[in-house]
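Residue-level structural notes
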Amino acid sequence: MPDLFFKNEKTGHFHDIILPNRYIRIYPNGDVLYSIRISMTLSCPMNLKLYPLDTQVCQLLMASYGWTTDDLLFLWEENEPIQVTKNLYLPRFTLEHFVPTYCNSKTNTGEYSCLQVNLIFKREFSYYLIQYYIPCCMLVIVSWVSFWLDQYAVPARVALGVTTLLTMSTQTAGINQSLPPVSYTKAIDVWTGVCLTFVFGALLEFALVNYASRSDFQRKKQRRHWEMESQAAYDASVVPSTSGGEGGFHHNHRDLRDQYSPDNDGHIPEYPSMVRERMENGFPAFAMRPLVPPFRDGGPAHLRSCEVHLQGAPTNCFQTWLAKFSTRSKRIDVIARITFPLVFALFNVAYWSAYLFRDDEMQI
C-alpha cells in the first residue's frame, strides 16, 4: 500500500459502521483500485483583509511519507480527477471551483511526490448584510434624529446620542469576538469604525450646539445691556436749549465727539451697538435714531431731518439661506442635517466601489 498522508491534516478518522468503509478491485489488466472513506479536518490559513467580502483558497495536500519519486509517483487522472457531489452545501461559503496540481517537495533524503487541490470558496454575503451592515447603518441614521430635536431638549438628545453610541460599540465588539485577532484592518473594521465615528460625531454635534446656544444667550444678554447703555447715553446727550424757539432741544454732539473720537493711535472706542452702525470720518453714524431729536411746530426752521442709508454687505446664496436662522445653534443643526447624510452617502459609494468591484487577483 502507498504510504499516503495529508500534509495539512489536523484531525481525521475512518468510518467503521457497520463494517469498515473500504474496498479493493483488481482488474484483468493488473490495475488495482483501492477506495476508503475517511473524514478529516484540514488547516486553511485565511486572509481576512476583505472580510466578509472575501474569497478564500484552501488546499488539500497529499504526499508520500517515506518513498521517493524513484519508488512511488502520484499522478492525476486525465478525465475528471476530482468529483464533487452536486448537492454540496456549505452554510457560509460557496465552492466556486477547484484546481488540481502538483506539489512535489525536495528534502535532504530525496524528492517526494505530492498532489495538491486548490479549493476556491466565496463567502456568502447575505448573512453579514442582514446581521452587520444594515443594523449599523440604521444606528447611524437613528443618531441623526437628534438634529431635528429642539436644541433645548437636552435630556432627549443626550440619551439618544449615548444610547446609539453604546449600541454601536456593543455591535462592534460582537463582530470582533467571532473573528480571530489579526494585525491588519479588515473590511468590516472599516465599516464599523466609520459608523462609530458618525455616531460619535452626532453626539459631539450636540455638544457644539449646546455651547453655541449658551453663547447666543450670553450675547443676547450683553446686547440688551448695551441697549440700556445706549439709551442712557442718548438721553444724556439731549439737554434743554437756552436759545432758539420755545420748547427747542439741541443734541450735545461735542460731548459724544469728545467721548468717541479716535485716540493718538487712530483707535476708535467701542460705541453701543444699538446706536453705532458704522463709522464715517472717525465719528459714529446713527441709523436707528436721528442725529437730533424731533422738533415740534415751534422748533428751529433751519434744522432739517436727515436719513442715513446703510448698504449691507453682499452675501451669496448660502449666506442668504443661513440668514433665515437667527441663532448659531440652529444653523449648526441645519448644516448637520445636510452634511452628515451627504458624507455618509459618499462613504458608502467609496466603500462598496472599493470592495465589491475589485479585481480578484488570486495566485493559485
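Preceding block: the structure.
Quick summary incoming for the structure in this document. The structure displayed is predicted, hence computed values, not measured ones. (Residues numbered from 1 in each chain as written. Predicted model: local features only at pLDDT ≥ 70, side-chain atom pairs only at ≥ 80, totals over all residues. Heavy atoms only, no water.)

**Describing the overall build of the chain**
For the chain, the count of helices and strands is six helices and 14 strands. Put simply, the chain has 364 residues, and 27% of those count as buried. (Helix = DSSP H or I, 4+ residues; strand = E, 2+ residues; numbered from the N terminus. Buried < 20%, exposed > 50% of the residue type's maximum accessible area, 1.4 Å probe, protein only.)

**A word on the sheet that holds strand S10 (residues 114-123)**
For sheets, the rule is that strands pair by backbone hydrogen bonds, running either parallel or antiparallel. Reading across from one edge, S1-S6-S10-S7 is the order of the four strands in this open sheet, with antiparallel pairing throughout. One side of each edge strand has no neighbouring strand; the edge strands of this open sheet are strand S1 (4-6) and strand S7 (93-102). Within the sheet, the average angular offset between the axes of one strand and its neighbour, ignoring direction, is 20°. Note that S7 and S10 share nine bridges and pair antiparallel. Residue Thr94 lies in a different strand from S10, and its bridge partner there is Lys122. (Pairing = 2+ DSSP bridges. Axes fitted to C-alpha atoms, helices over the stretch in contact; angles between N-to-C directions.)

**Quick word on a nonpolar patch on the surface**
A cluster of nonpolar side chains, Met1, Phe14, Ile24, Ile26, Val32, Tyr34, Ile36 and Ile38, forms an exposed patch at the surface whose accessible area comes to about 800 Å². Contributing elements (two or more residues each) for the nonpolar patch: strand S3 (22-26) and strand S4 (32-36). Structurally, Phe14 is set in strand S2 (residues 9-14). (Patch = residues over 30% accessible without salt bridge, like charges linked within 9 Å, V, L, I, M, F, W, Y side chains within 5 Å. Areas by Shrake-Rupley, 256 points an atom, 1.4 Å probe, with all protein chains shown as cover. Salt bridge = Lys/Arg side-chain N within 4 Å of Asp/Glu carboxyl O.)

**Some details on the nonpolar core**
The biggest cluster of nonpolar side chains holds 30 residues, and the ones touching the most others in it are Trp191, Phe344 and Tyr351. Those elements that place two or more of their residues in this core are helix H1 (126-143), helix H2 (154-177), helix H3 (187-237) and helix H6 (328-356). Broken down by element, the residue count for this core peaks at eight residues, all from H3. When sequence neighbours within four positions are dropped, the list of residues in contact with Tyr351 reads Tyr133, Ala187, Ile188, Val190 and Trp191. (Core = buried A, V, L, I, M, F, W, Y, C linked by side-chain atoms within 4.5 Å. Contact = heavy atoms within 4.5 Å.)

**Side note on the pairing of S3**
Alignment of S3 against S4, held across five bridges, turns out to be antiparallel. For Ile24, the partnering residue across the bridge sits in S4 and is Tyr34. Adjacent in sequence and paired antiparallel, S3 and S4 are bridged by five residues, among which Gly30 carries a positive phi angle near 100°.

**A short note on H2**
For an α-helix the count is 3.6 residues per turn, leaving residues at separations of three or four pointing the same way. End to end, H2 covers 34 Å across 24 residues, agreeing with the expected 34 Å (1.5 Å per residue, within 8%). Listing the buried residues of H2 in full gives Arg157, Gly161, Thr164, Leu165, Met168, Thr172 and Ile175. (Expected span 1.5 Å × (residues − 1).)

**Some points on the packing of aromatic side chains**
In this structure the tally under the stated criterion is 23 aromatic pairs. Ring plane angle 50° and centroid distance 5.8 Å describe the contact between Tyr128 and Tyr132, whose orientation is recorded as tilted. Here Tyr128 and its partner Tyr132 are both found in helix H1, four residues apart, which amounts to about one turn of the helix. Across the pair, Tyr132 and Tyr128 agree in class, each one buried. Both rings, one in Trp191 and one in Tyr351, keep their centres 5.5 Å apart while their planes meet at 55°; by these two values the pair is tilted. Note that Trp191 is positioned in helix H3 and Tyr351 in helix H6, a separation of 160 residues in sequence. When its relative accessible area of 1% is taken as the criterion, Trp191 is described as buried. Exposure remark for Tyr351: the relative accessible area of 3% places this residue in the buried category. Among the aromatic residues, ring-to-ring pairing joins Phe125, Tyr133, Trp144, Phe147, Trp191, Phe198, Phe340, Phe344, Phe347, Tyr351, Trp352 and Tyr355 into one connected group. (Phe/Tyr/Trp six-rings, centres within 6.5 Å; stacked < 30°, edge-to-face > 60°.)

**What to know about the state of the cysteines**
Summed over all chains, the structure comprises two disulfides. Disulfide pairing places Cys44 opposite Cys58 at an S-S distance of 1.9 Å. With the S-S bond torsion at -85°, the cross-link from Cys44 to Cys58 turns out left-handed. Here the residue Cys44 occupies a position in the loop between strand S5 (38-42) and strand S6 (55-64), and Cys58 occupies one in strand S6, the gap between them amounting to 14 residues. Ordinal numbering of bonded cysteines along the chain defines a disulfide pattern of 1-2, 3-4. Cysteine Cys136 remains unbridged, with the sulfur of Cys195 as its closest cysteine sulfur at 5.1 Å. (Disulfide = S-S within 2.5 Å.)

**Things to note about the pattern of salt bridges**
Scanning all chains against the criterion turns up four salt bridges. Arg157 is paired through a salt bridge with Glu205; the nearest N and O atoms lie 3.3 Å apart. Taken together, the residues Arg157 in helix H2 and Glu205 in helix H3 connect sequence positions 48 residues apart. Comparing Arg157 with Glu205, the two get one shared label, buried. Between Asp333 and Arg157 there is a salt bridge; the shortest N-O distance is 3.1 Å. With Asp333 in helix H6 and Arg157 in helix H2, the pair connects residues that are 176 residues apart, well separated along the chain. For Asp333, a relative accessible area of 2% gives the class buried. Among the ionic contacts, a cluster of salt bridges with common partners joins Arg157, Glu205 and Asp333.

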